[in-house]
Amino acid sequence: MAHADHTFEHGGYTMKFSSYPGPTSRTFVLIHGIGMGRIVFDEVAEVLTAQGGVLVPDLPGFGDSPEPGTKATIQDNAELIERFIASQATGDVTLVGHSMGTQIVAEIARQFPDSIDTLVLIAPTINRHERSATKQAARMVQDLYGESPKVLVEGVVEYAKTSPLWFANKLRLMLDHRIEDVCPHIATPTLVMRGETDHVCPRDWVQEVAAALPDSEYEEIPDRGHEAVIKSPEPVASMILEFVARRAHRRQQTS
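Residues numbered from 1 in each chain as written. Predicted model: local features only at pLDDT ≥ 70, side-chain atom pairs only at ≥ 80, totals over all residues. Heavy atoms only, no water.

Caption draft 1: Layout of the overall build of the chain. Helix and strand counts for the chain stand at ten helices and eight strands. The proportion of buried residues among the 255 residues of the chain is 54%. Long-range contacts, defined here as pairs at least 24 residues apart, represent 78% of the contacts in the chain between residues at least 6 apart. Of the roughly 10,300 Å² that the chain leaves accessible, carbon and sulfur atoms contribute 54%. (Helix = DSSP H or I, 4+ residues; strand = E, 2+ residues; numbered from the N terminus. Buried < 20%, exposed > 50% of the residue type's maximum accessible area, 1.4 Å probe, protein only. Contact = heavy atoms within 4.5 Å. Areas by Shrake-Rupley, 256 points an atom, 1.4 Å probe, with all protein chains shown as cover.)

Caption draft 2: Just the packing of aromatic side chains, in detail. Going through the model one piece at a time under the given rule, you end up with two aromatic pairs. Centre to centre, the rings of phenylalanine 8 and phenylalanine 84 are 5.4 Å apart; their planes meet at 75°, and the pair counts as edge-to-face. Separated by 76 residues along the polypeptide, phenylalanine 8 in strand S1 (residues 4–10) and phenylalanine 84 in helix H2 (residues 74–88) bring together distant segments of the chain. Classification of phenylalanine 8 as buried rests on a relative accessible area of 7%. (Phe/Tyr/Trp six-rings, centres within 6.5 Å; stacked < 30°, edge-to-face > 60°.)

Caption draft 3: Up close: the environment of methionine 193. When you line up the elements, methionine 193 lands in strand S7 (residues 190–195). For methionine 193, a relative accessible area of 0% translates into the label buried. In this structure the C-alpha to C-alpha distance between methionine 193 and glutamine 207, which are 14 residues apart in sequence, comes to 9.1 Å. Those residues in contact with methionine 193 that sit more than four places away from it in its chain are Val120, Leu121, Ile122, Ala123, Pro124, Val206, Glu219, Ile221, Val236, Met239 and Ile240.

Any functional reading would require information that these geometric values do not contain.
Dropping the structure here:
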């Protein structure tokens, strides 16, 4: 499906983003992880258009978005994406984050709960039991071993767009942020997901995240690792659509 590329500017930040047309009653906003960009969600976005329009930005300093003149904390990114949602989204909003993106979207759900109606956390970071740069790097290498050529090629292309200093600064900010402290304050219905073979986000840790959320569902993505959204759009996209449909049906029954 054809998509359009745009530029969003706010508060000194410039973000490139792609929009995929779909029903205006819902908008899916997809937030990528560290070192990645909007291209990793391209195929997932096409499937999601069955239930709504899709917006996929490159976070500042990643993909085609330039580095700002600031370190851009997780909270800074959350405020920027909230403004982006307010400016660009229509209807109900489903906010999806992958890896570092889960930290950003979790902050949005805590600080701006009225801006979204459903939340999806895919491979939430950082595992509090392994909170060090060296351990996270080792886990990523372990996870990529044996991955498909598609995952490896897209990863190399996207990582090459990010300066090493910007990457190191963002990793430090990720390590400083504690999603486990944010989750208990999120009232938004949330789907928490991990790849079945994800070494970066082990099962015990992701289940801990799900348990900390007041209203959550937990699912594993069969035969997928940390980069579950890159290898293929399915089954991730359908799992998101089914979750949104379940929650919409539940709201109708209680209204």
